[in-house]
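# Secondary and tertiary structure notes
So you can see what is in the structure, the chains are spelled out below.
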Amino acid sequence: MPSAGIVRAAAIQIAPDLESADGTLARVLAAIDEAADRGARLAVFPETFLPYYPYFSFVQPPVLMGAAHLKLYERAVAVPGPVTQAVAERARSRGVVVVLGVNERDHGSLYNTQLVFDADGTLALKRRKITPTYHERMVWGQGDASGLKVVDTAVGRVGALACWEHYNPLARYALMTQHEEIHCAQFPGSMVGQIFADQMEVTIRHHALEAGCFVINSTGWLSDAQIQSITPDAGLQRALRGGCCTAIVSPEGVHLAPPLTEGEGMVIADLDMALVTKRKRMMDSVGHYARPELLSLAINDRPASPVVSMASPSDPVRSTSDEHPTDYRSGPRIAPHIDRPSAGDGADDGTAVVRLAAG
């Protein structure tokens, strides 16, 4: 059942410190404090805000971006590590659920990672963007479906996707089947121009309507000085302006406060959780409006691993990652077949998701 009552949320539009990862972290902690002081119980930051989104990769050819890419490696976030500990402690001390985008370093690879910290400081979810977009493929590795999870938090059932993942309807549907109540969307901002902001606004409102959930969307912001530091080319600088639409949308597709499209700031709004049921009474895409016997989703949600342990012939094949389960990757395991209910065990159970599961 949806959470009851009113939840105040903050969508944060903010500029990183392009020269210091510690500087960006300080900005995150200060913004959590400000959101809490304004009564927010949920604070959402932009995509890969820590230490910063790799804007350089959008305006530099691969042959020239090596130095900037290596600098991002040096400043990237270990999960868990000192940065996540600092954010967790601030979330706990202020009683705020925090959704933060980071560049995660895992040995020799970087990932676009979304972190959800519950109000008690617990890291409730770590997920990686499934497919980096366009220029991003030169920067980040690919994630997997193990992170396509909705988690229970102090403010309700929370899910998250990054940027153009919202154009993957099956990724969105995977979260919808888990009865997402609050969806946290993250985009880089300060890119492409007004068309990016317009497309983003359509996208988040559509997901709110289709999923019957609230959408909290946060985009980043770059000052003119920061843009000039990324590229001295005036023509390329135009590609690093616009594209901001920090907003909060209700399950009825309505903005709950005016969107923020320029400058730094916060969009604050109260979420009346009763609106989730009001919308779903009319149209529940994974319930009474679904037709799972006609259309369903198959999902492989086992964490990807480059190593598979070859057990004895009598043992099931399993990934080495199965030996070290983590809270943020909990969920159904997968098997080499699609589970189909038999006629004797409730074949028509209304299930909208088919999980490929492990033995």
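Computed from a predicted structure; not experimentally measured. (Residues numbered from 1 in each chain as written. Predicted model: local features only at pLDDT ≥ 70, side-chain atom pairs only at ≥ 80, totals over all residues. Heavy atoms only, no water.)

With that settled, the discussion passes to the overall build of the protein. Of regular secondary structure, the protein possesses nine helices and 16 strands. Expressed as a percentage of its 359 residues, the buried residues of the protein come to 52%. Taking the intrachain contacts of the protein between residues at least 6 apart in sequence as the baseline, contacts between residues at least 24 apart amount to 71%. On the protein, roughly 15900 Å² of surface is accessible, and the fraction owed to carbon and sulfur atoms is 55%. (Helix = DSSP H or I, 4+ residues; strand = E, 2+ residues; numbered from the N terminus. Buried < 20%, exposed > 50% of the residue type's maximum accessible area, 1.4 Å probe, protein only. Contact = heavy atoms within 4.5 Å. Areas by Shrake-Rupley, 256 points an atom, 1.4 Å probe, with all protein chains shown as cover.)

This part is about the pattern of salt bridges. With the rule as written, the count across this model stands at 19 salt bridges. One salt bridge in this structure joins Arg-157 and Asp-152, with 3.0 Å as the shortest N-O distance. Between Glu-252 and Lys-278 there is a salt bridge, with its nearest N and O atoms 3.2 Å apart. Taken as a pair, Glu-252 in the loop between strand S10 (247-249) and strand S11 (265-272) and Lys-278 in helix H9 (residues 274-282) lie far apart in primary sequence, 26 residues in all. (Salt bridge = Lys/Arg side-chain N within 4 Å of Asp/Glu carboxyl O.)

Among all positions in H9, only Leu-275, Val-276 and Lys-280 are buried. Down the axis of H9, the buried set is contained in an arc of 130°. They therefore lie on one face. Turned more than 90 degrees away from the buried face of H9, the exposed residues are Arg-281 and Met-282. (Arc of directions from axis to C-beta.)

On to the nonpolar core, then. Tyr-55, Leu-148, Val-215, Ile-230 and Leu-240 are the most contacted members of the largest nonpolar core, which totals 45 residues. Those elements giving two or more residues to this core turn out to be helix H2 (56-59), helix H3 (66-75), helix H5 (169-176), strand S8 (182-187), helix H6 (194-211), helix H7 (224-230), S10 and strand S12 (297-299). Sort the elements by how many residues they give to this core and H6 lands first, with six residues. Ile-230 has contacts with Leu-18, Tyr-55, Phe-56, Val-59, Gln-60, Leu-222 and Leu-240, leaving out every residue within four places of it along the chain. (Core = buried A, V, L, I, M, F, W, Y, C linked by side-chain atoms within 4.5 Å.)

Turning to the sheet that holds strand S7 (residues 156-162), a few remarks are in order. The mixed open sheet is built from five strands, whose spatial order is S6-S7-S8-S9-S10. At either end of the open sheet lies a strand with only one pairing partner, and these are strand S6 (151-153) and S10. Taken over all neighbouring pairs, the strand axes of this sheet differ in orientation by 25° on average, direction set aside. Here S8 pairs with strand S9 (residues 214-219) via six bridges, running parallel. (Pairing = 2+ DSSP bridges. Axes fitted to C-alpha atoms, helices over the stretch in contact; angles between N-to-C directions.)

Averaged over all residues, the pLDDT of the protein is 90; the fraction at 70 or higher stands at 86%. In this model residues 319-348 is a low-confidence stretch, pLDDT under 50, and it forms 55 contacts with partners more than four residues away in sequence or in other chains. (pLDDT = per-residue confidence, 0-100.)

Here the focus is the packing of helix H1 (residues 21-37) against helix H4 (residues 82-94). The interhelical angle for the contact between H1 and H4, taken along N-to-C directions, is 10°, at an axis separation of 10 Å. Relative to H4, the element H1 lies roughly parallel. Residues Leu-25, Val-28, Leu-29, Ile-32, Asp-33, Ala-36 and Asp-37 of H1 touch H4, and the partners they reach there are Val-83, Ala-86, Val-87, Arg-90 and Arg-94. (Parallel < 35°, antiparallel > 145°, perpendicular 65-115°, else oblique.)

Time to look at the sheet that holds strand S4 (residues 109-117). Taking strand neighbours across the sheet as the criterion, the six strands line up as S5-S4-S3-S2-S1-S11 in an open arrangement whose pairing is mixed. Since the sheet does not close on itself, it has two edges, and those belong to strand S5 (123-128) and S11, each with one partner. Neighbour to neighbour, the strand axes of the sheet diverge by 25° on average, direction disregarded. Direction of pairing for strand S3 (residues 97-106) relative to S4: antiparallel, over a ladder of nine bridges. Bridged to Val-98 within S4 is Phe-117. Relative to the sheet, H1 contacts strand S1 (6-13), strand S2 (42-44), S3 and S11, its axis offset from that of S11 by approximately 45°.

Before going further, it helps to examine the environment of Lys-149. With respect to the helices and strands, the residue Lys-149 is situated in the loop between S5 and S6. With relative accessibility at 8%, the residue Lys-149 sits in the buried group. At a separation of 3.1 Å, a polar atom in the side chain of Lys-149 contacts the main-chain carbonyl oxygen of Ser-146. (Polar contact = N/O pair within 3.5 Å; in protein donor to acceptor, adjacent residues only side chain to side chain.)

A word on the side chain of Gln-13. Structurally, the position occupied by Gln-13 is in strand S1. Taking relative accessible area as the criterion, Gln-13 reaches 1% and is therefore assigned buried. Within polar-contact distance, the side chain of Gln-13 engages the side chain of Thr-219 at 2.9 Å. A distance of 2.7 Å separates the side chain of Gln-13 from the side chain of Thr-246, its partner in a polar contact. Excluding residues within four positions of it along the chain, Gln-13 makes contact with Thr-219, Gly-220, Trp-221, Cys-244, Cys-245, Thr-246, Leu-260, Thr-261, Glu-262, Gly-263, Glu-264 and Gly-265.

The buried fraction of H5 is high, at six of eight residues. Along H5, the residues that are buried comprise Ala-171, Arg-172, Tyr-173, Ala-174, Leu-175 and Met-176. Tucked inside the fold, the buried residues of H5 contact S7, S8, H6 and S12. Where H5 begins, one side-chain oxygen reaches toward the backbone nitrogen of Leu-170, 3.1 Å away; that side chain belongs to Asn-168.

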